[in-house]
Amino acid sequence: MADDIPEPVARNIASIRQWQAERQAKRGTSDKIADAISRFAGSMPFVYLHLVIFGCWVIANLGWVPGVPRWDPTLVVLAMVASVEAIFLTSFVLINQNQMTLEADEKAELDLQVGLLNEGETTRLLAITQAIAEHLGVTSGVEQELDELRKETQPGVILDAVKHGSGKPGA
């Protein structure tokens, strides 16, 4: 299957993988630890471990295990332990979420830049195609539309129009 992939696509995949590896290598130890904890906390082994620990805690403190003294008969300590654990897990998940947001922002910036490059190339192709059509005396009936499409894309103007919720900048 890999042989069916065109060389430019394979280069792009390799480039993205390299970017991801470099990004991962730059992450600090604390970020890597938070990521590992978040990954484990979001797994079924984590759920099973908690079912066993909390289940045993409850069963023992209900007095159902002969010979084991009840150390938390009201389960207040269990609730406190679970609350503290939830605070730390939330922090780890938020750290991980922040990293994912930064990566998504970088990918969005890359996508925007590639899209703008593509837009510029397409605009030049339209200009060349229109010049060829004019040289050959061919008319398509969409020349006015092509003139509009040949205008250079201005991201700031488009963002302004989006910000104001209209199709027209500053409206």
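Before reading further, recall that the structure is shown in the block above.
Residues numbered from 1 in each chain as written. Predicted model: local features only at pLDDT ≥ 70, side-chain atom pairs only at ≥ 80, totals over all residues. Heavy atoms only, no water.

## A closer look at a nonpolar patch on the surface
Inference 1: On the surface, a nonpolar cluster with roughly 530 Å² of combined accessible area is contributed by Val77, Met80, Val81, Val84, Ile87 and Phe88.
Inference 2: Looking at where Ile87 falls in the secondary structure, it is placed in helix α4 (residues 76-136). (Patch = residues over 30% accessible without salt bridge, like charges linked within 9 Å, V, L, I, M, F, W, Y side chains within 5 Å. Areas by Shrake-Rupley, 256 points an atom, 1.4 Å probe, with all protein chains shown as cover. Salt bridge = Lys/Arg side-chain N within 4 Å of Asp/Glu carboxyl O. Helix = DSSP H or I, 4+ residues; strand = E, 2+ residues; numbered from the N terminus.)

## Side note on the pattern of salt bridges
Inference 1: Under the definition given, this model contains 5 salt bridges.
Inference 2: Ionic pairing is found between Arg11 and Glu7, a salt bridge with its closest N-O pair at 4.0 Å. Placement of both Arg11 and Glu7 in helix α1 (residues 7-26) is noted, with a separation of 4 residues, approximately one turn of the helix.
Inference 3: With a closest N to O distance of 2.6 Å, Asp35 and Arg39 form a salt bridge. Residue Asp35 and its partner Arg39 are located together in helix α2 (residues 29-41), separated by 4 residues, close to a single helical turn.
Inference 4: Given the relative accessible area of 14%, Asp35 is considered buried.
Inference 5: A network of salt bridges, in which partner residues are shared, links Arg27, Asp35 and Arg39. (Buried < 20%, exposed > 50% of the residue type's maximum accessible area, 1.4 Å probe, protein only.)

## Thoughts on the environment of Ala25
Inference 1: Mapped onto the secondary structure, Ala25 falls in helix α1.
Inference 2: You can call Ala25 exposed: its relative accessible area is 59%.
Inference 3: Remark: the alpha-carbon pair of Ala25 and Glu121, spanning 96 residues in sequence, is separated by 35 Å.

## Quick word on the packing of aromatic side chains
Inference 1: The tally for this structure, following the rule as stated, stands at 2 aromatic pairs.
Inference 2: With centroids separated by 5.5 Å and ring planes inclined at 90°, the aromatic side chains of Phe40 and Phe46 adopt a geometry described as edge-to-face. (Phe/Tyr/Trp six-rings, centres within 6.5 Å; stacked < 30°, edge-to-face > 60°.)

## Focus on the packing of helix α3 (residues 44-61) against α4
Inference 1: Contact geometry for α3 and α4: axes closest at 11 Å, N-to-C directions at 160°. Taken together, the axis directions place α3 and α4 in an arrangement best described as roughly antiparallel. Seen from above, α3 lies across α4 with right-handed handedness. From α3, Phe46, His50, Phe54, Trp57 and Val58 reach across to α4, where they touch Val77, Leu78, Val81, Ala82, Glu85 and Leu89. (Axes fitted to C-alpha atoms, helices over the stretch in contact; angles between N-to-C directions. Parallel < 35°, antiparallel > 145°, perpendicular 65-115°, else oblique. Left-handed = near helix turned anticlockwise from the far one by under 90°. Contact = heavy atoms within 4.5 Å.)

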